[in-house]
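Spelled out, the chains give:
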Protein chains: 2
Amino acid sequence: MAAQRVEAPDPEAFVEAAKAAFRDGAVLSVQARCEVEYEGRTNGYLDEGDRLLVAKPDGTFLVHQPTGHKPVNWMPGGGTVEARESEGDAVLLARRTNPSERVETRLHEVYGVTRFDAEDGATYEESGTEAEMHEYIEANPEELEAGLRIVEHERETKYGFVDFYAVDDDGTPVVVEVKRIQATLNHFDQLKRYVELYAESNDEVRGMLVAPSASERVKRALRDNDLDFVELAEFGLDAKGATEAKLTDF
Amino acid sequence: MAAQRVEAPDPEAFVEAAKAAFRDGAVLSVQARCEVEYEGRTNGYLDEGDRLLVAKPDGTFLVHQPTGHKPVNWMPGGGTVEARESEGDAVLLARRTNPSERVETRLHEVYGVTRFDAEDGATYEESGTEAEMHEYIEANPEELEAGLRIVEHERETKYGFVDFYAVDDDGTPVVVEVKRIQATLNHFDQLKRYVELYAESNDEVRGMLVAPSASERVKRALRDNDLDFVELAEFGLDAKGATEAKLTDF
């Protein structure tokens, strides 16, 4: 199992679980009632309360209160996190040098601890906005299908905006959804929802998903639902240079 | 129980657990293999991998990879997080308006999900640095104890720096540890460690913890171990104005 849980460990069992996780390079997450001290550029203290604690194998340590996206206390990777017992409590100590700082968390009650032997080789890929792709399609609808004509850009529906409302060579309406990244099942869902909405008043409506690429699974889901996929490979993330050259040609 | 765990839920069980947690205002943490899409100012895609997902009742949503202190994707509080099933997977959708953005996470395998009914009324309290307090003590050692004389400021030991190495009226060495925040059991531990170190070569060594305040539990721990506590209330967090006036008097 990638994730292993110990419910309500006593301090000794907690320290044992934490040490094992740190040794093995697992991600630790802990639900606990704790108090926190910070010593570094300034000094700080957070009195007892329930928090989610996260320790990562690179030395990252996060203390999350029940609200807010920022951790109330944290240490970046590069330092160390240690677990030990003290005066009947479990303690997590995260520290680094240069600058010298430490976050010490005393766990008065541990509700549970999860070790997560996580494997993740992926890197976040960011691209430009869909707006660029919309401009291109509006100027070149024949790139999607011969004879396709754009009727409306960003038509509002009760489920949100449809990117393009178009008609094909036979006069059949086509709902076109455009994605700037590799098409996913979420995009398929979205297109299907729009098409079903239009199908309430027009049986003949078609749906078309436009994206730089799609997995076989997504292509199959589209096919099985009589929806079209159009690949605009020149907008792919790894073809960014080419795309940008093309866009500046307008 | 403040924390409740479901191990390896199928998509239906996951969505049910997530919906219940959102309804009840609990903090949700999830270990899962997932892929993530971001749509907003830009577009982004994170291919499949193992991640820790956190959803808070204020709409905060965090996607944490196994390293790094920053979430790879996130949404601040103020929006919504929803759980639903799609094409055989569980999906978490975090979104907000103004600016309009969304993080959609498709969970291909959920290793486990924990709901945390967290209660936390505490606020992080930050104070100035200990350096200010050190200056004051160095100039006014008699404030700690009549006849006390500072021998050395920040003496290095194999366990770190002792704040002050002093001698009392009888010539007995005193290890002084200074804290800028309310004294905690962690501070007691630290002082005890230093004193035990010095006791290896000098039986008579005393230990003194100096802080703006301390709980009864900390005072008792100190007393039980023949360590002294000196309260310098004028450095208390709620006496900040007075402290600052005092410090500028130097």
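Conventions we followed
- Residues numbered from 1 in each chain as written.
- Chains lettered and ligands numbered in written order.
- Predicted model: local features only at pLDDT ≥ 70, side-chain atom pairs only at ≥ 80, totals over all residues.
- Heavy atoms only, no water.
- UniProt positions renumbered as here; feature names shortened; annotations may be inferred.
- Contact = heavy atoms within 4.5 Å.
- Buried area = accessible area lost by both parts, 1.4 Å probe.
- Salt bridge = Lys/Arg side-chain N within 4 Å of Asp/Glu carboxyl O.
- Polar contact = N/O pair within 3.5 Å; in protein donor to acceptor, adjacent residues only side chain to side chain.
- Helix = DSSP H or I, 4+ residues; strand = E, 2+ residues; numbered from the N terminus.
- Domains from an automatic or database assignment.
- Least-squares fit on C-alpha atoms with pLDDT ≥ 70 in both.
- Pairing = 2+ DSSP bridges.
- Axes fitted to C-alpha atoms, helices over the stretch in contact; angles between N-to-C directions.
- Phe/Tyr/Trp six-rings, centres within 6.5 Å; stacked < 30°, edge-to-face > 60°.
- Buried < 20%, exposed > 50% of the residue type's maximum accessible area, 1.4 Å probe, protein only.
- Lys NZ or Arg CZ within 6 Å of the ring centre and 35° of its normal.
- 1 Å grid on protein atoms, 1.4 Å probe; cavity = no way out; pocket = protein on both sides within 12 Å on 5 of 7 lines; lining within 4 Å.
- Points joined across faces, edges and corners; volume = space filled by probe spheres on them.

An unreviewed UniProt entry lists chain A under the name Endonuclease NucS, with Halobacterium litoreum given as the organism. UniProt, in the comment section headed Sequence similarities (unreviewed entry), describes chain A in these words: "Belongs to the NucS endonuclease family." As recorded by UniProt, the Function (unreviewed entry) comment attached to chain A reads in full: "Cleaves both 3' and 5' ssDNA extremities of branched DNA structures."

Asks: Go over the interface of chain A and chain B, please, and point to the residues and values.
Replies: The interface is formed by 78 residues belonging to chain A together with 80 residues belonging to chain B. Here chain A and chain B share an interface that buries about 6,400 Å² over both sides, 52% of which is from carbon and sulfur atoms. Area buried by chain A at its contact with chain B is led by Asn43(A), Tyr45(A) and Tyr124(A), which between them contribute 11% of it. Between chain A and chain B we count 10 salt bridges in total. The residue Arg106(A) makes a salt bridge to Asp189(B) at a minimum N-O spacing of 3.3 Å. At the junction of chain A with chain B, the criterion picks out 42 residue pairs in polar contact (both at pLDDT 80 or more). Per-element accounting of the side of chain A that touches chain B gives the leading share, 11 residues, to strand S3 (residues 43-55) of chain A.

Asks: Account for the UniProt feature "domain: Endonuclease NucS N-terminal PH-like" (unreviewed entry) in chain A, naming residues and giving values.
Replies: In the numbering used here, UniProt assigns the feature "domain: Endonuclease NucS N-terminal PH-like" (unreviewed entry) to residues 27-120 of chain A. A distance of 12 Å separates the end C-alpha atoms of residues 27-120 of chain A, which is 0% helix and 68% strand.

Asks: Can you break down the domain arrangement of chain A residue by residue, with the values?
Replies: Segmentation of chain A into domains returns domain 1 (3-116) and domain 2 (130-248). Between domain 1 of chain A and domain 2 of chain A, the C-alpha centre-to-centre distance is 47 Å.

Asks: If you had to explain the relation of the copies chain A and chain B to someone new, which residues and values would you point to?
Replies: To go from the first copy of the chain to the second, apply a rotation about an axis and then a shift along the same axis. With an axial shift of 0.0 Å and an RMSD of 0.1 Å, the rotation relating chain A to chain B amounts to 180°. As the rotation angle and translation indicate, the two copies are arranged about a two-fold axis. Mapped onto chain B, 100% of the interface residues of chain A are again interface residues, and the two copies thus contact each other with one and the same surface.

Asks: Explain the side chain of Lys179(B) residue by residue, including any values.
Replies: Summarising the element assignment, Lys179(B) is placed in the loop between strand S12 (173-178) and helix H3 (185-199). Polar side-chain contacts of Lys179(B) include one of 2.9 Å to the side chain of Glu39(A). Those residues in contact with Lys179(B) that sit more than four places away from it in its chain are Glu39(A), Glu130(B), Met133(B), His187(B), Gln190(B), Leu209(B), Val210(B), Ala211(B) and Pro212(B).

Asks: Now, about the sheet that holds strand S13 (residues 206-211) of chain B: what can you tell me, with residues and values included?
Replies: As a general point, the strands of a sheet are linked pairwise by backbone hydrogen bonds and lie either parallel or antiparallel. Residue and element names in this part refer to chain B. Taken in spatial order, the five strands of this open sheet run S10-S11-S12-S13-S14, and their pairing is mixed. Edge positions in the open sheet fall to strand S10 (149-157) and strand S14 (228-231), since each of these has one partner strand only. Here the strands of the sheet are splayed against their neighbours by 30° on average, with no regard to which way each runs. Summarising the sheet, strand S11 (residues 160-167) and S12 pair through four bridges and their orientation is antiparallel. Within the sheet, the bridge partner assigned to Phe164 lies in S12 and is Val176. In this fold helix H2 (residues 130-139) packs onto S10, S11, S12 and S13, with an angle of close to 15° to the strand it touches most, S11.

Asks: Give a detailed account of the packing of aromatic side chains, specifying residues and quantitative values.
Replies: Across all of its chains, the model carries four aromatic pairs over all chains by this definition. When the centroid spacing of 5.7 Å and the interplanar angle of 55° are considered together, the rings of Tyr111(A) and Phe116(B) count as tilted. With Tyr111(A) in strand S8 (residues 101-116) and Phe116(B) in strand S8 (residues 101-116), this residue pair bridges two chains. Given the relative accessible area of 8%, Tyr111(A) is considered buried. Classification of Phe116(B) as buried rests on a relative accessible area of 2%. In this structure, Arg155(A) packs its charged tip against the face of Tyr165(A), placed 3.7 Å from the ring centre.

Asks: Any details on the layout of surface pockets? Residues and values, ideally.
Replies: It is the rolling of a water-molecule-sized probe over the atoms that shows where space remains empty. A volume near 740 Å³ is recorded for the largest pocket. Looking at the largest pocket, it is lined by 26 residues, and the ones nearest its centre are Glu39(A), Ser100(A), Arg102(A), Phe161(B) and Gln190(B). At the level of elements, strand S6 (80-86), strand S7 (89-96) and S8 of chain A together with H2, S11 and H3 of chain B are the ones that each hand at least two residues to the lining of the largest pocket. Reported here for the second largest pocket is a volume of approximately 600 Å³.

Asks: A description of the sheet that holds strand S13 (residues 206-211) of chain A should follow, citing residues and the corresponding values.
Replies: All names here are of chain A. On the basis of which strands lie adjacent, the open sheet formed by five strands has the order S10-S11-S12-S13-S14 and mixed pairing. Of all the strands in the sheet, just strand S10 (149-157) and strand S14 (228-231) have a single pairing partner and so form its edges. Averaged over all adjacent pairs, the angle separating strand axes in this sheet is 30°, with direction ignored. Two strands pair when backbone bridges link them, and S10 and strand S11 (residues 160-167) are joined in this way by seven bridges, in the antiparallel orientation. Bridging across to S11, Glu156 finds its partner in Phe161. On top of the sheet, helix H2 (residues 130-139) reaches S10, S11, strand S12 (173-178) and S13; it is set at about 15° to S11, its chief contact.

Asks: So, the UniProt feature "domain: Endonuclease NucS C-terminal" (unreviewed entry) in chain A: which residues are in play, and what are the values?
Replies: According to UniProt, the "domain: Endonuclease NucS C-terminal" (unreviewed entry) feature falls on residues 130-233 of chain A. Along residues 130-233 of chain A, the helical share is 33% and the strand share 32%, with 14 Å between the first and last C-alpha atoms.

Asks: Give a detailed account of empty space enclosed by the protein, specifying residues and quantitative values.
Replies: The final tally for this structure, using the stated rule, is one cavity of 30 Å³ or more. Quantified by volume, the largest cavity comes out at close to 30 Å³. Every residue lining the largest cavity is listed: Val27(A), Lys56(A), Phe116(A), Ala118(A), Asp50(B), Arg51(B), Leu52(B), His64(B), Gln65(B) and Pro66(B). Counting residues per element, the lining of the largest cavity draws most heavily on strand S3 (residues 43-55) of chain B, which supplies three residues.

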